[in-house]
Amino acid sequence: MGNFLFQNIEKKTGVKMTDVVKLANSFQQANLRDEKVVRKLIQEVSRVANKKVSKEMEDQIVQTIINDSGAIRLDTVAKMLDQKK
């Protein structure tokens, strides 16, 4: 059942579940107060989702995360990935 669910998610988003798990682990271990770390995470999500993030949008996301590290959660990442259509 779980494998079928993962296949459906991969088909819908075009993102492999192994990449989603890697991203989730990266977020759990990341220092979300470090701008360089946050930028790297944003770029990784962008790459995995095959979705460009403008410099202005990246700056906004970085500031939001650094100012409130609780603002980024796994469901937020999932929504970003789901928007790749």
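Before reading on, note that the structure itself is shown above.
I will try to describe carefully the structure that is included in this document. No experiment lies behind these values; they were computed from the predicted model shown.

A closer look at the overall build of the protein
A count of helices and strands for the protein gives five helices and zero strands. For the protein, the succession of helices and strands along the chain, N to C, is α-α-α-α-α. Burial status across the protein gives 28% buried among its 85 residues. Taking contacts inside the protein between residues at least 6 apart in sequence as the whole, the part at least 24 apart equals 57%.

Regarding the pattern of salt bridges
Evaluated as defined, the whole model comprises five salt bridges. Residue glutamate 58 pairs with arginine 39 through a salt bridge whose shortest N-O separation is 2.8 Å. You can see glutamate 58 sitting in helix 4 (residues 55–67) and its partner arginine 39 sitting in helix 3 (residues 35–49), a full 19 residues away along the chain. Residues glutamate 58 and arginine 39 agree in their burial class; the two are buried.

Let's talk about the packing of helix 2 (residues 17–29) against helix 3
For the pair helix 2 and helix 3, interaxial distance at closest approach is 11 Å and the crossing angle is 170 degrees. The orientation of helix 2 relative to helix 3 falls into the category roughly antiparallel. Counting all contacts with helix 2, which are made through Asp19, Leu23, Ser26 and Phe27, the residues of helix 3 involved are Leu41, Glu44, Val45 and Val48. Class assignment of the residues belonging to the contact of helix 2 with helix 3 gives a composition of five nonpolar, one polar and two charged.

Quick word on unusual backbone geometry
Negative phi is the rule for most residues except glycine; trans is the rule for most peptide bonds. The backbone phi angle of asparagine 50 is positive, close to 55 degrees, even though this residue is not glycine. Along the chain, asparagine 50 turns up in the loop between helix 3 and helix 4.

Quick look at the packing of helix 3 against helix 4
In contact at an axis separation of 10 Å, helix 3 and helix 4 are set at 125 degrees when each is read in the N-to-C sense. The angle between the axes of helix 3 and helix 4 places the two elements in the oblique class. For the element pair helix 3 and helix 4, the recorded crossing hand is right-handed. Residue-level inspection shows Glu35, Val38, Arg39, Ile42 and Gln43 of helix 3 in contact with helix 4, the latter providing Lys55, Glu58, Asp59, Ile61, Val62, Ile65 and Ile66. The residue makeup of the contact of helix 3 with helix 4, split by class, is six nonpolar, one polar and five charged.

Focus: helix 3
Between its first and last C-alpha atoms helix 3 spans 21 Å; for 15 residues at 1.5 Å apiece the expected length is 21 Å, and the two agree. Listing the buried residues of helix 3 in full gives Val38, Arg39, Leu41, Ile42, Val45, Ser46, Val48 and Ala49. The N-cap residue of helix 3 is aspartate 34: its side-chain oxygen and the backbone nitrogen of lysine 36 are 3.0 Å apart. Asparagine 50 sits one or two residues past helix 3 and shows a positive phi near 55 degrees.

Here is what the cut-offs are and how they apply
- Residues numbered from 1 in each chain as written.
- Predicted model: local features only at pLDDT ≥ 70, side-chain atom pairs only at ≥ 80, totals over all residues.
- Heavy atoms only, no water.
- Helix = DSSP H or I, 4+ residues; strand = E, 2+ residues; numbered from the N terminus.
- Buried < 20%, exposed > 50% of the residue type's maximum accessible area, 1.4 Å probe, protein only.
- Contact = heavy atoms within 4.5 Å.
- Salt bridge = Lys/Arg side-chain N within 4 Å of Asp/Glu carboxyl O.
- Axes fitted to C-alpha atoms, helices over the stretch in contact; angles between N-to-C directions.
- Parallel < 35°, antiparallel > 145°, perpendicular 65-115°, else oblique.
- Nonpolar A, V, L, I, M, F, W, Y, C, P; charged D, E, K, R; others polar.
- Left-handed = near helix turned anticlockwise from the far one by under 90°.
- Expected span 1.5 Å × (residues − 1).
- Polar contact = N/O pair within 3.5 Å; in protein donor to acceptor, adjacent residues only side chain to side chain.

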